[in-house]
Amino acid sequence: MEVRFPDLPLYTGWGKPLRTESTVDGLELIEGTVPAELDGTWYRAGPDRQYAPMLGDDIFIDGEGMAHMIRIRDGSVSYRSRWVRNARFNAQAAAGRSLFGKYRNRFTDDPSVEGISGGTANTNVIFHNGRLLVLKEDDLPFEVDPDTLDPIGIYDFDGKVRATSLSAHPKWFPDDGRLLTYSYQAKGDGSKDVVFYDMDDQGNIHDEIWFEMPWASICHDFAVTPHFAIFPFMPLVTTLDNIKQGSTFYEWHPDKQVVVALVKRGGTADDIRWFRGPAGSLSHMMNAFEDGDKVHLDACYYDGNCFPFFPTPEGKHVEGCPPILSRLTFDLSRNDDGFDRRPLINTPGEMPRADDRYQGQACGKGYLIVGRQPDGSSGIGCVDLATGELTRWAPGALASVHEPQFVPRYKGSAEGDGWLLVIVNRLDAGHSELAILDAQDITRGPVARLHLPVRVRSTFHGTWVDGEKLRANAPGEMAEAV
Ligand code: V55
Ligand code: FE
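Reading the values: rules and limits
- Residues numbered from 1 in each chain as written.
- Chains lettered and ligands numbered in written order.
- Predicted model: local features only at pLDDT ≥ 70, side-chain atom pairs only at ≥ 80, totals over all residues.
- Heavy atoms only, no water.
- Near = heavy atom within 4 Å.
- Polar contact = N/O pair within 3.5 Å; in protein donor to acceptor, adjacent residues only side chain to side chain.
- Nonpolar A, V, L, I, M, F, W, Y, C, P; charged D, E, K, R; others polar.
- Donors = N, O, S within 2.8 Å, 3.2 Å for Na, K, Ca; no water.
- Tetrahedral: all angles 85-135°; square planar, octahedral: opposite > 155°, others 65-115°.
- Buried < 20%, exposed > 50% of the residue type's maximum accessible area, 1.4 Å probe, protein only.
- Helix = DSSP H or I, 4+ residues; strand = E, 2+ residues; numbered from the N terminus.
- Pairing = 2+ DSSP bridges.
- Arc of directions from axis to C-beta.
- Contact = heavy atoms within 4.5 Å.
- Phe/Tyr/Trp six-rings, centres within 6.5 Å; stacked < 30°, edge-to-face > 60°.
- Core = buried A, V, L, I, M, F, W, Y, C linked by side-chain atoms within 4.5 Å.

Visitor: Would you mind going over the site of ligand 1 with me for this structure?
Guide: Lining the immediate surroundings of ligand 1 are Ile61, Tyr103, Asn122, Thr123, Lys136, Glu137, Ile218, His220, His284, Phe307 and Phe460. In this structure, Lys136 approaches ligand 1 through a side-chain N or O atom, which is 2.6 Å from an oxygen atom. Looking at the shell around ligand 1, its residues break down into 5 nonpolar, 4 polar and 2 charged.

Visitor: Would you mind going over the coordination of the iron ion (ligand 2) with me for this structure?
Guide: Six octahedral donors around a metal ideally make angles of 90 or 180 degrees; four tetrahedral donors ideally make 109.5 degrees. The iron ion (ligand 2) binds to the protein through His169 (NE2), His220 (NE2), His284 (NE2) and His461 (NE2); the donor distances cover 2.0 to 2.1 Å. Each of the 4 donor atoms bound to the iron ion (ligand 2) contributes to angles spanning 91 to 167°, and the resulting shape is irregular.

Visitor: It is not clear to me how the pairing of strand 24 (residues 349-353) should be interpreted in this structure. Could you clarify?
Guide: Looking along a regular strand, one sees side chains alternate from face to face of the sheet. Most of strand 24 is tucked away: 5 of the 5 residues are buried. Note that strand 24 and strand 25 (residues 365-370) share 3 bridges and pair antiparallel. Counted as the bridge partner of Arg353 is Tyr367 from strand 25.

Visitor: What am I meant to see in the sheet that holds strand 14 (residues 223-224) here?
Guide: Sheet strands associate in pairs through backbone hydrogen bonding, adopting either a parallel or an antiparallel arrangement. Strands sit in the order 14-15-18-19 across an open sheet of 4 strands; the sheet is antiparallel. Lying at the two open borders of the sheet, with one neighbouring strand each, are strand 14 and strand 19 (273-277).

Visitor: Could you clarify how one ought to interpret helix 1 (residues 87-95) in this entry?
Guide: Every α-helix carries 3.6 residues per turn, so stepping three or four residues along brings you back to the same face. Among the residues of helix 1, Arg88, Phe89, Ala91 and Gln92 are the ones counted as buried. The arc enclosing the buried residues of helix 1, seen along the axis, measures out at 165°, which places them on a common side. Elements in contact with the buried residues of helix 1: strand 4 (64-73) and strand 5 (76-83). Positive phi appears at Gly96, one or two residues downstream of helix 1, with a value of about 70°.

Visitor: Could you clarify how one ought to interpret the packing of aromatic side chains in this entry?
Guide: One pair of aromatic rings is described through two measures. These are the centre distance and the angle between the planes. All chains considered together, the criterion is met by 22 aromatic pairs. A centroid spacing of 4.5 Å and a plane angle of 50° characterise the contact between Tyr182 and Phe222, whose relative ring orientation is tilted. Of this pair, Tyr182 sits in strand 11 (residues 179-184) while Phe222 sits in the loop between strand 13 (205-212) and strand 14, placing them 40 residues apart in sequence. For the pair shown, Tyr182 and Phe222 are each scored as buried. With 5.2 Å between their ring centres and 40° between their planes, Phe222 and Phe231 make a pair best called tilted. Side by side, Phe222 and Phe231 carry an identical accessibility label, which is buried.

Visitor: Is there a simple way to explain the pairing of strand 27 (residues 390-393) in this structure?
Guide: Pairing geometry for strand 26 (residues 379-384) and strand 27, over 4 bridges, is antiparallel. For Val383, the partnering residue across the bridge sits in strand 27 and is Leu390. Between strand 26 and the antiparallel strand that follows it, strand 27, lie 5 residues; Gly388 among them carries a positive phi value of about 80°.

Visitor: Would you explain the nonpolar core in this entry?
Guide: Inside soluble globular proteins, nonpolar side chains tend to come together where they are buried. Phe231, Phe233, Leu297 and Phe330 are the most contacted members of the largest nonpolar core, which totals 69 residues. Examining the composition of this core, we find that 6 residues originate from one element, strand 18 (residues 258-264), more than from any other. When near neighbours in sequence (up to four residues on either side) are disregarded, Phe330 contacts Val260, Leu262, Phe275, Asp293, Lys294, Val295, Leu297 and Phe339. Leu140, Ala163, Leu179 and Ala186 belong to the second-largest nonpolar core, a separate cluster that totals 31 residues.

Visitor: In this structure, what is going on with the sheet that holds strand 11? I would like to understand it.
Guide: Across the sheet, which stays open at both edges, the 4 strands sit in the order 10-11-12-13 with antiparallel pairing between neighbours. Either end of the sheet is taken by a strand with one partner, and the two such strands are strand 10 (171-172) and strand 13. Summarising the sheet, strand 11 and strand 12 (residues 193-199) pair through 6 bridges and their orientation is antiparallel. Bridge pairing links Leu180 to Asp198 in strand 12.

Visitor: What's the story with the side chain of Thr238 in this structure? I'm lost.
Guide: Inspection of the secondary structure puts Thr238 in the loop between strand 16 (236-237) and helix 2 (240-244). Exposure remark for Thr238: the relative accessible area of 4% places this residue in the buried category. Engagement of the side chain of Thr238 in a polar contact is seen with the side chain of Gln185, the distance being 2.9 Å. Of the polar contacts made by the side chain of Thr238, one reaches the backbone oxygen of Phe249; its length is 3.1 Å.

See the structure below:
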């Protein structure tokens, strides 16, 4: 069967489907020195394209999942990437072509895949209870081998998770084994159900709180603090009747608001505090923290539709708008349902991260991608969250960066004392690099730069897993291992 990708920007240049699995031992050092104390594996997930889209075109976030791992120990670095061989991948591999239609719209799929999940496993990777899980928000996690990335299978937490999918943005705590996660549209496409789970690494569920969002929204990311789980809902709506008619999975409803639920951990649906603001979008969260009666959420806020490729129900495409890292403040002592919002920086930026050990607590610094140019170039920003000062590092002309990953310098190092790992794309040269920056001063440029002999086409999110923890890899034994 002929394989030919469309002559559209999404499938050409840097975006040209790579479709290659790589194994590279001993990445070549371009400059600097790999810090001797770095010991662990950085796992990431991103979209590639197994075959040309069934309907002629598709949206970027619908590419089949490629899992990536960069393992660092004793100054040497290896790279491996593998397709995530889940049900969708295997069905299409057998057919030699794409069988799934529009993003998440199963009514547009080839009849031969009825009942087979269209999950692409392309968004994030976490390590929980000795298992490496690749995530996509419309499906359950897909477990792969942490050393080879070979497929193991769908993981439903031994049947304990009853939701039909789990978010790709759980909060994962490096030191206590706790996993806080959720599902939205948790009883199937177009359902208003949300469930929040708090589980430990022994497989026990501490919280399972079901509630309804105001409509069948997207809820791509959430945030947690010691007492709350914070869920943003927005005017991107799934309407079952419309997707049955072949509509996009979400439609933009500018008449609707941003609605934020503060779910009390250990509480019930009746304890939820609801807050509302004008139509806009919240995508990725940097962090959240409590301060007396106030809960602060630092997140990328869009003054309109964050996904302009999802039109209104009338088919009207609204214009895109820049993501601005903003602080949303929810005052629990106020008796109205409004919230405050102010920009933390004025430069647009996305893919925000912080020191994962400080999730839910006030922290000094955050990191994100900034300065995206029309030619695709971008760099890394470090935000001083107290002053709003933005420091930057960019890899130069015709080079772009993936989401940064903070790694502590050593166990117990102070917040922000560590490294930033960054995959750099050399857009003109057709390959990538790994840059290692000192997180305390990114303006000095990488302490080490290593050559990746392939294009790491795109990755969305990932996780650093400490080497000692990985080597003690046995499900159910994590508590003893750490
Ligand atoms: C997002 C990303 C997705 C997705 C839905 O960034 C929302 C938001 C990577 O895939 O399926
Ligand atoms: Fe995301």
